[in-house]
Amino acid sequence: MKISGFTIIRNAVLNDYPIVEAIRSILPVVDEMIILVGNSEDDTIGLMQSISDPKIKIHHSVWDPALRTGGSVLAIETNKAFQLIDPESDWAFYIQGDEAVHEQYHQTIRQTCLAYKDDKRVEGLVFKYLHFYGTYDYVGDSRKWYDHEVRIIRNDKKITSYKDAQGFRVGKQKLQVKPVDAYVYHYGWVKSPEQMMKKIKNFSKLWHSDQVLEEMMKAPDFWNYDEFDSLQKFTGTHPAVMHERITRQNWKTELDISKKKFSFKDRLLYHFEKITGIRLFDFRNYRII
């Protein structure tokens, strides 16, 4: 069995993406790692080269500014990276620049890939998610955070990235998937308030018109982390690759997690999920078989 990893990245230094940690977190699972680096305004290339692992294969791309509506350029670049993986690979493991996988799941991931390698009905594997917010001590636990997503797909080029590279499809059809008992740790909302707003403004250039961007640029230069509906304290451990970054955290954010900011409907759905473990009326970008 062969597994290829793949990712896309652009302006990693400017936006302080934990892309090095993301890549290192899945290197023990994959047999090669494709990194497609977009045209950047910083030394993203040098950062990728600094990982210095024989599994890594760096490629270059130019992002089309005309494809920024709805983040569609992210899907286009993801598809480019997917096309670059070894044709002999059975599976492709997609990791985004602000995600990481805990080493405690490596064996389980490979075992699950092996278990379904010859079952061609299975087009992908769906992971559970933890979304960190503000600091490395809080995770979102409301319905606004997606709780599952496909991150391993079969090496079948009929599969393509969907919309803003959140998931994958075959044409308009959702992938048939099996669950893997592993979490992806999402760190996209863990930055200093200043760096968070800087990233939001930069990332918005992939989504909005010039008129909307002009208004966004007038926003304050810091993000208000009090804008959440529900959080809980994280009591587990982080992936080992994240430890150094965590020790470098240079801001302090105390959040009152006792406050729940829900509408009546969302409050009912939230408590139903906590009691039963079932998330009602949730959109699924895949079909479990």
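Residues numbered from 1 in each chain as written. Predicted model: local features only at pLDDT ≥ 70, side-chain atom pairs only at ≥ 80, totals over all residues. Heavy atoms only, no water.

Draft legend 1. Helix 4 (residues 106–115), seen in detail. Along helix 4, the residues classified as buried are H106, I109, T112 and C113. Along helix 4, the residues classed as buried sweep out an arc of 135 degrees about the axis, all on the same side. Seen from the open side of helix 4, the exposed residues pointing more than 90 degrees away from its buried face are Q107, L114 and A115. (Buried < 20%, exposed > 50% of the residue type's maximum accessible area, 1.4 Å probe, protein only. Helix = DSSP H or I, 4+ residues; strand = E, 2+ residues; numbered from the N terminus. Arc of directions from axis to C-beta.)

Draft legend 2. Up close: the environment of T69. Take T69: it is sitting in the loop between strand 3 (56–61) and helix 3 (72–83). We classify T69 as exposed; its relative accessible area is 62%. For the pair T69 and W223, spaced 154 residues apart in sequence, the C-alpha separation works out to 23 Å.

Draft legend 3. Up close: the packing of aromatic side chains. The tally for this structure, following the rule as stated, stands at 16 aromatic pairs. Plain terms: the ring middles of F6 and Y94 are 5.1 Å apart, the flat faces sit at 35 degrees to each other, and that makes the pair tilted. Of this pair, F6 sits in strand 1 (residues 3–9) while Y94 sits in strand 4 (residues 91–94); the two residues are 88 residues apart in sequence, bridging distant segments of the chain. Taken individually, F6 and Y94 each receive the classification buried, so the pair is uniform in this respect. Where Y94 meets F168, the ring centres are 5.6 Å apart and the plane angle is 85 degrees; that geometry is what we call edge-to-face. Placement of the pair is Y94 in strand 4 and F168 in strand 10 (residues 167–170), with a sequence separation of 74 residues. (Phe/Tyr/Trp six-rings, centres within 6.5 Å; stacked < 30°, edge-to-face > 60°.)

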